[in-house]
Structures are given as structure tokens and as C-alpha cells.
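Residue-level structure breakdown
Chain by chain, the residues run as shown.
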Amino acid sequence: MPVAAMCPYFQYEKEGITHCECGELKFPDLRSRRQIVYAFCAHPTDYKLCPFKLALDGYYERRYQ
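Before going into details, it helps to say that this report is about the structure given with it. These numbers were taken from a predicted model, which means no experiment stands behind them.

**A look at the environment of proline 8**
Note that proline 8 resides in the segment before β1 (10-14). We classify proline 8 as exposed; its relative accessible area is 57%. Sequence spacing of proline 8 and alanine 55 is 47 residues, and the spatial spacing of their C-alpha atoms is 13 Å. If we ignore the near neighbours within four places in the chain, the residues touching proline 8 are Tyr47 and Lys53.

Printed below as a string of C-alpha cells:
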């Protein structure tokens with residue numbers, strides 16, 4: 001099922017793998033996928049709390065300072 005992601009680093013999902021700019025995430029089952037993707041990637045505000053987003057924010061801040 002396609003995700004309406006809020007996170008700018010979310011790329012796409014294909015064949016059970018969630019592709020984020022930070023890496024590829026493969027979950028053991030749909031429930032664990034939902035727990036992460038809907039809690040962070042697709043959440044209207046909590047995507048800002050994702051450790052991958054925070055790491056990439058820091059990376060881009062350092063890169064373009």
C-alpha cells in the first residue's frame with residue numbers, strides 16, 4: 001500500500017522494502033512496518049522525531065554550512 005509520507009527523506013516502497021535517503025528498511029512483518037512508517041515517515045508532525053531524519057538533517061547542515 002502506498003504511503004503518503006511527510007518526511008522529505010522518504011523515497012518509495014517496493015517489494016516490501018521502504019527506501020529512505022538514509023537507507024533501505026526491511027521489516028519482519030507488516031505490523032512492524034506500520035509501527036515505524038506510520039509513526040514517523042507518514043505522521044504529520046512526528047516524522048521530525050525520526051532518528052534517520054535527525055541524522056540526515058545534521059548531515060545536510062554540516063555539508064552546506
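**Points about the environment of isoleucine 17**
By secondary structure assignment, the location of isoleucine 17 is in strand β2 (residues 17-20). The class for isoleucine 17 is partly exposed, based on a relative accessible area of 23%. Setting aside its immediate chain neighbours within four residues, isoleucine 17 contacts Tyr12, Glu24, Leu25 and Lys26.

About the thresholds
Residues numbered from 1 in each chain as written. Predicted model: local features only at pLDDT ≥ 70, side-chain atom pairs only at ≥ 80, totals over all residues. Heavy atoms only, no water. Helix = DSSP H or I, 4+ residues; strand = E, 2+ residues; numbered from the N terminus. Buried < 20%, exposed > 50% of the residue type's maximum accessible area, 1.4 Å probe, protein only. Contact = heavy atoms within 4.5 Å.

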